[in-house]
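Chain by chain, the residues run as shown.
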Amino acid sequence: MPRSSTRLTFAVLATGAGVFSMLQSLIAPALPTVQHALHASQSTATWVMTAYLLSASVFTPILGRVGDLVGKKRTLVAVLLTVLAGCLVAALAPDIGVLIVARVVQGVGGALFPLSFGIIRDEFAPAEVGGSISNLSAVIAAGGGVGMVAAGPIVSALDYRWLFWIPVAIVAATVLIAVRYVPESPKRAQGRASWTGAALLSAWLVALLLPLSQAGQWGWGSPKVLGLFAAAVVLFAVWLTAEARSRSPLIDLRVMRLPAVWTTNVAALLFGAGMYAIWSFLPGFVQTPTAAGYGFGASVTTAGLLMLPMLLAMFVSGVLTGRLEPRVGAKALLTTGAALGALACAILSLWDDTQWQIAVVAGLFGLGIGLAFASMANLIVGSVPPEQTGAATGMNANIRTIGGSIGAALTSVLVTGRLQPSGLPYASGYTHGWTLLALLCLAATGAALLVPTRRPAPNAPAATGLTQAPARVR
């Protein structure tokens, strides 16, 4: 493939994945505005976030596997068109119900991550794969930061509906370029899609993530929460059994058991818990009125600007990962990224009195996110057969999301478990929350140390199946 085409393909993939990542966080700071504009209750408005989370969790691994089977470009274009439709409906939504449905449709875009990684692996020169995956991971990580930073100015200058009109224009242009210039990957997995496996995967994911996201309103001891958790355990066991017996499983459990894959996924679960909780609670902390004894009474725009160091650090460190990985190895970068996350949260639990401290911590955590995102993707892609890239990277992204839901739920318990007479959390709740996140990131560091990083011996052929060429442990 000509170099220019490779660059154009990367631009398309980065734009699509970046927009989806931005949509993930763009609406969160504007949720009170949306709630007021559409005359919705707070409990109903939270479904704008929950519906997106559940949809992305279900479709990311399933459509990643479909892309492996029927063609990654074909699936990529279909997913982009679906995201375009979801953004258009959201921009025109007359009420909260239609907006929630639109968010479900947008969640299909989670499949852009594994599909993009798969296309890079199939189409780019071997020497370019690692760096391109790192750069794409940097864009994905930074996209979430862009959402947090841009939401306030967009809503203030225009209207909350422009949070969706802008992606409509970007995604529409991306679809046209993708159809014309992105090549169809020649590598296909054998077999067919296991719809039984897809249904069971969807069922246990919803049964797990729904109570995690709604437990604050339903109550952790409520029959709905406990019943769904019990159902998640049972459905997960049934799914594992069905996949193990299937001749054409949705997720090949042999791949998931590879040492480099399962250890990376454990690190993703734990680091995701810290990362998403920081994204969820740090803006709220800085927006808390000073009358609470902490916080800065910041506006949505100011809170976004305090997150700007995180955005810049995520992008820079993600790009640098592609250049550092050949020298120090993805395992070292993942370990360093998780350790930086732990350090940032530990600092936050001790010093959060001034805005410059928040900015420094945000930048430090951003460095960790950039390193961890890129190295996780490279570890997974380098450890699985080409025809399993979509499914494996989709599950890694999904596991990171599950971790994020767990981390956010646990942090919410600590932050909101005891409230002041004004209804605001006590400062100690946030302190305990930051401490928990530091411990989760520290555990992710330990999991990263277990990753058996390998370096192919000189002139050894690349691995194409579940067994790899002789390697030199690094």
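1. Let's talk about the overall build of the protein chain
Stage number 1. When its secondary structure is counted, the protein chain shows 19 helices and 2 strands.
Stage number 2. Over its C-alpha trace the protein chain gives a radius of gyration of 21 Å, about what one expects of a compact globule, namely 23 Å for 474 residues.
Stage number 3. With the principal axes as the frame, the protein chain shows a C-alpha extent of 65 × 45 × 45 Å.
Stage number 4. Relative to its 474 residues, the protein chain shows a buried fraction of 57%.

2. Side note on the packing of helix α16 (residues 330–350) against helix α19 (residues 427–449)
Stage number 1. Across the interface, α16 lies against α19 with an axial gap of 8 Å and an inter-helix angle of 165 degrees. One element, α16, and the other, α19, form an angle in the roughly antiparallel class. In this structure, α16 meets α19 at a crossing whose hand is left-handed. Across the interface between the two elements, K331, L334, T335, A338, A339, G341, A342, C345, A346, L348 and S349 of α16 pack against T431, W434, T435, L437, A438, C441, L442, A444, T445, A448 and L449 of α19.
Stage number 2. Each residue belonging to the contact of α16 with α19 can be placed in one class, and the counts come to 15 nonpolar, 6 polar and 1 charged.

3. Re the pattern of salt bridges
Stage number 1. Scanning all chains against the criterion turns up 3 salt bridges.
Stage number 2. Residue D68 is joined to K72 by a salt bridge in which the shortest nitrogen-to-oxygen separation is 3.8 Å.
Stage number 3. For D68, a relative accessible area of 0% corresponds to the buried category.
Stage number 4. Between K72 and D122 there is a salt bridge, with its nearest N and O atoms 2.8 Å apart. Taken together, the positions of K72 in helix α5 (residues 72–92) and D122 in helix α7 (residues 112–123) put the pair 50 residues apart, joining distant regions of the chain.

4. Re the nonpolar core
Stage number 1. Grouped together as the largest cluster of nonpolar side chains are 126 residues, with contacts concentrated most on L99, F271, I278, M310, F365, I369 and W434.
Stage number 2. Those residues within four positions of L99 in sequence are excluded, and the remaining contacts are V34, L38, V48, A90, A93 and F164.
Stage number 3. I251, A391, M395 and I402 belong to the second largest nonpolar core, which has 29 residues in total.

5. Some thoughts on the packing of helix α15 (residues 308–328) against α16
Stage number 1. Where α15 meets α16, the axes come as close as 7 Å, and the angle between the chain directions of the two elements is 120 degrees. If you check the angle between α15 and α16, you find them oblique. Side by side, α15 and α16 meet where T321, L324, E325 and V328 of the first sit next to A330, A332 and L333 of the second.
Stage number 2. Class assignment of the residues belonging to the contact of α15 with α16 gives a composition of 5 nonpolar, 1 polar and 1 charged.

6. A few points about the environment of L26
Stage number 1. Here L26 lies in helix α1 (residues 3–26).
Stage number 2. In this structure, the C-alpha to C-alpha distance between L26 and Y160, residues 134 residues apart in sequence, is 9.9 Å.
Stage number 3. The contact partners of L26, leaving out residues within four places of it in the chain, are G147, A150, A151 and L163.

7. Some words on the packing of aromatic side chains
Each aromatic ring pair is specified by the distance between its two centres and by the angle formed by the two planes.
Stage number 1. Applying the stated criterion across every chain yields a total of 13 aromatic pairs.
Stage number 2. The interplanar angle of 35 degrees and the centroid separation of 5.6 Å between the aromatic rings of Y430 and W434 together place this pair among those described as tilted. Of this pair, Y430 and W434 are both found in helix α19, 4 residues apart, which corresponds to roughly one turn of the helix.
Stage number 3. Of the aromatic side chains, those joined through ring pairs into one cluster are F285, Y294, F296, Y430 and W434.
Stage number 4. Its guanidinium or amino end placed over the ring of Y181, R180 lies 4.9 Å from that ring's centre, counting from NZ or CZ.
Stage number 5. Here the basic side chain of R418 rests over the ring of Y426, its NZ or CZ set 4.2 Å away from the ring centre.

8. Digging into a nonpolar patch on the surface
Stage number 1. Taken together, the side chains of F315, V316, L320, L324 and V328 define a hydrophobic patch exposed on the protein surface, amounting to about 400 Å² of accessible area.
Stage number 2. Mapped onto the elements, V316 comes out in helix α15.
Stage number 3. Residue V316 is classed as partly exposed on the basis of its relative accessible area, which comes to 47%.

9. With respect to the environment of G131
Stage number 1. Inspection of the secondary structure assignment puts G131 in helix α8 (residues 126–157).
Stage number 2. Using a relative accessible area of 22% as the deciding quantity, one classes G131 as partly exposed.
Stage number 3. Along the primary structure G131 and V319 are separated by 188 residues, whereas in three dimensions their C-alpha atoms are 7.7 Å apart.

10. Quick notes on helix α10 (residues 195–218)
Stage number 1. The largest bend along α10 reaches roughly 40 degrees and is located at L212.
Stage number 2. One or two steps after α10, the chain reaches G219, where phi turns positive at roughly 95 degrees.

11. What to know about the confidence of the model for the protein chain
Stage number 1. The predicted model of the protein chain has a mean per-residue pLDDT of 85, with 94% of residues at 70 or higher.
Stage number 2. Across residues 456–474, confidence stays below pLDDT 50; counting only partners more than four residues off in sequence or on other chains, it has 34 contacts.

Criteria and cut-off values
Residues numbered from 1 in each chain as written. Predicted model: local features only at pLDDT ≥ 70, side-chain atom pairs only at ≥ 80, totals over all residues. Heavy atoms only, no water. Helix = DSSP H or I, 4+ residues; strand = E, 2+ residues; numbered from the N terminus. Rg over C-alpha atoms; globule rule 2.2 N^0.38 Å. Buried < 20%, exposed > 50% of the residue type's maximum accessible area, 1.4 Å probe, protein only. Axes fitted to C-alpha atoms, helices over the stretch in contact; angles between N-to-C directions. Parallel < 35°, antiparallel > 145°, perpendicular 65-115°, else oblique. Left-handed = near helix turned anticlockwise from the far one by under 90°. Contact = heavy atoms within 4.5 Å. Nonpolar A, V, L, I, M, F, W, Y, C, P; charged D, E, K, R; others polar. Salt bridge = Lys/Arg side-chain N within 4 Å of Asp/Glu carboxyl O. Core = buried A, V, L, I, M, F, W, Y, C linked by side-chain atoms within 4.5 Å. Phe/Tyr/Trp six-rings, centres within 6.5 Å; stacked < 30°, edge-to-face > 60°. Lys NZ or Arg CZ within 6 Å of the ring centre and 35° of its normal. Patch = residues over 30% accessible without salt bridge, like charges linked within 9 Å, V, L, I, M, F, W, Y side chains within 5 Å. Areas by Shrake-Rupley, 256 points an atom, 1.4 Å probe, with all protein chains shown as cover. Bend = angle between axes of the 7 residues up to and from the residue. pLDDT = per-residue confidence, 0-100.

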